[in-house]
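Letter by letter, the chains look like this.
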Amino acid sequence: MDGLKINSNINLYYIPMTKLKTTTIGIYIHRELKEDEVSKNAVLPYVLKRGCKLCPDSAKIAEYLENLYGASFGASVLKRGDDQIIYFGFETISDKYAPNGEKLAGSVAKLMMSVIFEPTAFEDDIIGQEKKNAKDRIMAAMNDKRQYATIRCAEEMCAGDRFALRALGTSEGVDAVTADGLKAHYENIITSSAIDIYVCGDADINALSEEIKKYTDKIVFEEANIPKSKLFESKGAVKNVTDHMDVVQGKLCMGFKTGISAGSPDYTALTVMNSVYGAGAHSKLFNNVREKLSLCYYASSNLVKDKGIMFVNAGIEFKNFQKAYDEILAQLETVKNGEISELEFTSSINAVINELESYRDDQHLMQMFCLGQKIAGTNYSIDELKEKTSKVTIEDIKNVAAKTELDTVYFLAGKEEE
Amino acid sequence: MELNYVKSDATGEEMYYGKHSSGLGVYIIPKKDYSKTYAIFGTKYGSVDSKFVVPGEKELTDVPDGIAHYLEHKMFDQPDGSNVFDKFSKYGGNANAFTSFNMTAYLFSATANVEENLETLMDYVQSPYFTEESVQKEQGIIGQEIRMYDDNGNWKLFFNLLNCLYQKQPVKKEIAGTVESISHITADYLYKCYNTFYNLSNMSIVVVGNVDPTGIAKIIENGVKKNEPFDEEIKKVYPEEPKEIAKSYAEQNMSVASPLFMIGFKDTDTGYGGERLLKKWIEINILLRMLFGKSSALYKDLYEKGLINNTFSFEYTMQPSYGYSSVDGESRDPKAVYDAVIAEIEKTREKGLSKETFERIKKVIWGNYIRSLNDVEDYACTFLQMLFMDIDYFNFIDAYNSVTFEDLQKRFDEHFVKERSALSVVNPS
């Protein structure tokens with residue numbers, strides 16, 4: 001989609017969605033995922049959130065938002081392939097629902113700009129608090145065992161690659177952050193990163209564009225592009241890793257190389273293949289590993305779009321590891337052999353189309369869809385992708401499945417299993 | 001079936017609703033230009049309802065814990081041996097179901113073939129088919145679901161808190177039951193529960209999306225299989241819950257990164273639903289934000305001391321028969337957080353609530369209500385949950401407008417009582 005170019009680095013996109021009652025703004029600052037800055041990027045958004053010229057501290061920001069009928073403001077770091085994204089999200093009820101005719105979207109945008117361009121919280125005590133919180137978040141990754149198994153599988157699978165780095169950084173990296181260092185880093189990245197701003201809902205985008213320029217015109221920018229992701233390449237034999245934790249259910253995560261990038265013409269066929277194999281109640285993993293063998297409550301597959309990776313997750317009894325492992329691979333073989341029923345095929349095509357179509361009702365998903373296209377270097381509309389999906393054949397599914405290879409098997413087992 | 005129409009000036013929302021002669025409540029909320037339609041077909045029957053008297057019978061029926069959830073799983077099996085997911089999948093519908101303490105619901109979302117998906121929903125929820133063999137088969141799957149929750153620190157934290165707050169209320173028991181309790185579930189038990197609680201006079205259906213209300217109502221009407229409403233109410237038997245809490249503290253060791261805490265306040269002003277309950281919900285939500293929200297003095301103090309982080313949150317949970325407020329998060333020192341919370345309440349009791357803060361926070365509640373009408377799924381689910389408490393969520397504004405600062409002061413005194421508070425902690429093992 002075409003946006004309004006604020007300058008060489010900043011693009012502003014407007015997606016009108018007036019049928020919804022909210023207006024959402026997302027700011028995405030793209031950074032190459034790399035060891036020397038990953039932890040600084042992980043701390044930074046939380047520090048920017050602590051104060052700006054418009055609202056000098058967290059309590060003032062909260063009051064400001066409360067007065068806007070509880071507009072929301074969140075900050076976090078994301079990982080899309082080898083792209084580490086510093087994210088700020090705002091949401092307000094749209095102006096036409098403001099009981100007293102308040103200009104809510106404009107007020108939220110004002111806060112957004114002050115947070116991004118006029119931060120004031122680079123102070124030692126605040127940095128200290130946010131470093132502690134950043135480390136809490138790194139540690140807390142183990143609390144969700146299913147997600148943790150995927151993070152660990154990715155780390156092992158991509159050891160030595162950028163993608164092995166966690167978006168949240170490392171404890172050591174966070175320890176090394178200082179107030180002055182982070183301020184300098186902020187000044188550097190704000191002028192040397194590709195920045196995408198998406199506005200969804202009901203807004204006067206030209207007025208917003210002019211407002212943003214008031215801030216950016218004073219700054220000298222160094223031209224930057226969105227970081228490119230490297231497709232995952234296998235390093236040889238299948239890697240087996242087991243961790244032990246105080247858990248009662250085993251978490252199996254299997255990492256596969258797909259060999260297909262998000263920009264590839266085969267990517268649509270890959271999404272349908274993933275759907276046939278493990279994405280949903282119509283899939284082979286659900287119907288065989290869960291329904292037929294009663295081995296688990298969940299067994300599913302998902303794609304890491306920009307890396308050419310597919311993960312399969314299942315929560316199982318420790319003793320059923322081999323049974324589940326064998327069945328997961330056996331089901332992949334059936335897909336590779338093209339043993340796909342008419343029902344599985346139609347259901348999968350419909351599921352992918354249904355998901356694409358449903359983005360239109362959700363501002364956050366819509367932003368993610370557009371951002372995903374941009375990161376992948378594609379520019380498809382939802383309708384174009386639906387059309388492409390409807391043309392995928394069983395032969396196409398077979399062909400993309402043929403390229404899929406098991407690379408890493410990760411198992412989170414109990415302490416007694418050691 | 002006759003459809004009534006209402007429109008809200010405050011939100012621009014419209015609704016068509018009616019009651020079918022079978023007793024089924026029908027609610028249709030058209031959303032112009034939406035891609036997605038969401039339908040939810042629910043029964044007022046949840047995990048707390050394991051003791052009841054079937055209409056027409058005299059004796060009490062007592063079934064194993066976890067049966068409402070087990071029944072939900074088994075509803076997906078069809079008499080012809082097929083799985084109902086297949087039917088939805090064929091039409092591109094995304095189907096699911098859930099069981100909570102007080103309701104069980106079956107649902108789908110779809111961006112095409114809404115009629116076919118809706119027919120499927122109506123059909124399968126009214127087509128129970130259980131055999132001893134199929135019931136047996138589910139033990140493994142649900143066993144793993146229970147296991148999954150056994151490793152979830154936040155889940156255990158929550159149930160440990162409920163076990164502090166409640167002495168007898170069955171809400172303190174896990175929704176899915178235990179591996180032991182579900183081993184006693186039989187096909188006969190499932191049929192007994194089904195025939196009682198899935199009578200259409202105990203059920204409602206809500207459809208939200210880009211739909212033609214008349215057409216949708218017709219499909220629902222044609223989909224009714226059994227028009228035999230109960231003459232009398234299903235008598236649900238709950239033990240009498242004392243006002244006092246069971247205990248003030250619980251802790252458990254699990255594989256979590258840092259200690260998790262949840263503080264609860266038991267609500268004893270219970271026993272009613274409707275607008276009065278919704279009003280209470282609004283009052284307590286305002287109070288929670290005033291006391292613990294990001295603009296509060298307590299939040300600032302705890303955050304800056306490093307006693308809480310961004311995971312800190314709070315909530316009020318309501319039902320006609322019980323209610324509680326909870327405040328939760330991660331902390332290196334949960335007891336210090338609990339003490340600070342109690343101290344803040346005592347301090348507020350002395351110096352009083354701020355009217356200015358009340359006015360500001362009240363706006364947040366309105367914004368959140370408007371926001372809740374955005375997503376067809378959230379909207380329909382919330383609407384149905386409220387409906388089962390006799391609350392008209394469509395007319396939220398009436399309860400909202402009736403809340404005054406004086407009400408809030410009374411509610412504060414009545415709800416935030418130290419003696420009815422408890423602390424649950426999950427420590428790293």
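Residues numbered from 1 in each chain as written. Chains lettered and ligands numbered in written order. Predicted model: local features only at pLDDT ≥ 70, side-chain atom pairs only at ≥ 80, totals over all residues. Heavy atoms only, no water.

Counting from both sides, the interface comprises 58 residues of chain B and, opposite them, 64 residues of chain A. Each partner contributes to the roughly 5,200 Å² buried at the junction of chain B and chain A, and carbon and sulfur atoms together form 50% of this total. Counting the surface chain B buries against chain A, the share from its top three residues, Gln-144, Asp-151 and Arg-371 of chain B, is 13%. Remark: the boundary between chain B and chain A carries six salt bridges. (Contact = heavy atoms within 4.5 Å. Buried area = accessible area lost by both parts, 1.4 Å probe. Salt bridge = Lys/Arg side-chain N within 4 Å of Asp/Glu carboxyl O.)

All names here are of chain B. Most of strand E15 (residues 421-428) is tucked away, with seven of its eight residues classed as buried. Alignment of strand E11 (residues 249-254) against E15, held across six bridges, turns out to be parallel. Directly across from Ala-250, in E15, lies its bridge partner Ser-424. Direction of pairing for strand E12 (residues 260-266) relative to E15: antiparallel, over a ladder of six bridges. Residue pairing in the sheet places Ile-263 in a bridge with Leu-423 of E15. (Buried < 20%, exposed > 50% of the residue type's maximum accessible area, 1.4 Å probe, protein only. Helix = DSSP H or I, 4+ residues; strand = E, 2+ residues; numbered from the N terminus. Pairing = 2+ DSSP bridges.)

Residues and elements named next belong to chain A. For chain A, the assigned domains read domain 1 (4-216) and domain 2 (239-417). Taking only C-alpha atoms, the centre of domain 1 and the centre of domain 2 are 29 Å apart. Between domain 1 and domain 2, the residue contacts involve 38 residues of the former and 36 residues of the latter. There are five salt bridges connecting domain 1 and domain 2. (Domains from an automatic or database assignment.)

A cluster of acidic residues, Glu-123, Asp-124, Asp-125 and Asp-180 of chain A, forms a negative patch on the protein surface. Positionally, Glu-123 of chain A belongs in the loop between helix H3 (104-117) and helix H4 (124-140). (Patch = residues over 30% accessible without salt bridge, like charges linked within 9 Å, V, L, I, M, F, W, Y side chains within 5 Å. Areas by Shrake-Rupley, 256 points an atom, 1.4 Å probe, with all protein chains shown as cover. Lys, Arg positive; Asp, Glu negative; His and termini not counted. Charge placed at Lys NZ, Arg CZ, Asp CG, Glu CD.)

Residues Ile-27, Phe-88, Ile-197 and Tyr-277 of chain A together with Phe-292 of chain B are the most contacted members of the largest nonpolar core, which totals 211 residues. Per-element tally for this core: the top contributor is helix H9 (residues 274-292) of chain B, with 10 residues. For Ile-27 of chain A, the residues in contact, after removing those within four places along its chain, are Ile-86, Tyr-87, Phe-88, Phe-90, Met-112, Ile-116, Ile-195, Asp-196 and Ile-197 of chain A. Within the second largest apolar cluster, 55 residues are counted, among which are Leu-24, Phe-88, Leu-200 and Ile-205 of chain B. (Core = buried A, V, L, I, M, F, W, Y, C linked by side-chain atoms within 4.5 Å.)

Time to look at the side chain of Gln-249 of chain A. Its place among the elements puts Gln-249 of chain A in the loop between strand E7 (239-245) and strand E8 (250-257). Within the structure, the side chain of Gln-249 of chain A is placed 2.6 Å from the side chain of Lys-251 of chain A, a separation counted as a polar contact. A polar contact of 2.8 Å, which involves the side chain of Gln-249 of chain A, links it to the side chain of Gln-144 of chain B. Excluding its chain neighbours within four sequence positions, the residues that come into contact with Gln-249 of chain A are Gly-315, Ile-316, Phe-318 and Leu-412 of chain A together with Gln-144, Arg-147, Met-148 and Asp-151 of chain B. (Polar contact = N/O pair within 3.5 Å; in protein donor to acceptor, adjacent residues only side chain to side chain.)

Attention now goes to empty space enclosed by the protein. Sizing a probe to match a water molecule and rolling it over the atoms shows the empty space that remains. A full pass over the atoms with the stated rule returns two cavities of 30 Å³ or more. In this structure, the largest cavity spans a volume of roughly 40 Å³. Contributing to the lining of the largest cavity are Gly-46, Ser-47, Asp-49, Ser-50, Pro-64, Asp-65, Gly-66, Ile-67 and Ala-68 of chain B. Among the residues forming the lining of the largest cavity, the class breakdown is three nonpolar, four polar and two charged. Volume-wise, the second largest cavity comes out at about 30 Å³. Every residue lining the second largest cavity is listed: Ile-27, Met-112, Ile-116, Phe-117, Ile-195 and Ile-197 of chain A. Looking at the lining of the second largest cavity, the elements with two or more residues in it are H3 and strand E6 (194-201) of chain A. The element contributing the most residues to the lining of the second largest cavity is H3 of chain A, with three residues. (1 Å grid on protein atoms, 1.4 Å probe; cavity = no way out; pocket = protein on both sides within 12 Å on 5 of 7 lines; lining within 4 Å. Points joined across faces, edges and corners; volume = space filled by probe spheres on them. Nonpolar A, V, L, I, M, F, W, Y, C, P; charged D, E, K, R; others polar.)

On to the environment of Val-125 of chain B. Residue and element names in this part refer to chain B. You can see Val-125 is positioned in helix H3 (residues 114-125). Counting along the chain gives 49 residues from Val-125 to Phe-76, while the straight-line C-alpha distance between them is 8.3 Å. In this view, Val-125 contacts Phe-41, Met-75, Tyr-106, Tyr-194, Tyr-198 and Met-203; residues no more than four positions away in its chain are not counted.

What follows deals with the pattern of salt bridges. Within the structure shown, the criterion is met by 54 salt bridges over all chains. Between Glu-187 of chain A and Lys-183 of chain A there is a salt bridge, with its nearest N and O atoms 3.6 Å apart. Residue Glu-187 of chain A and its partner Lys-183 of chain A are both found in helix H7 (residues 179-192); the two are separated by four residues, about one turn of the helix. What makes Glu-187 of chain A partly exposed here is its relative accessible area of 41%. Take Lys-183 of chain A: its relative accessible area is 38%, and that puts it in the partly exposed class. Linking Asp-33 of chain B and Lys-32 of chain B is a salt bridge whose minimum nitrogen-to-oxygen distance equals 3.8 Å. Take Lys-32 of chain B: its relative accessible area is 65%, and that puts it in the exposed class. One salt-bridge network, in which partners are shared between bridges, spans Asp-269, Arg-276, Lys-279, Glu-283, Asp-407, Arg-411 and Glu-414 of chain B.

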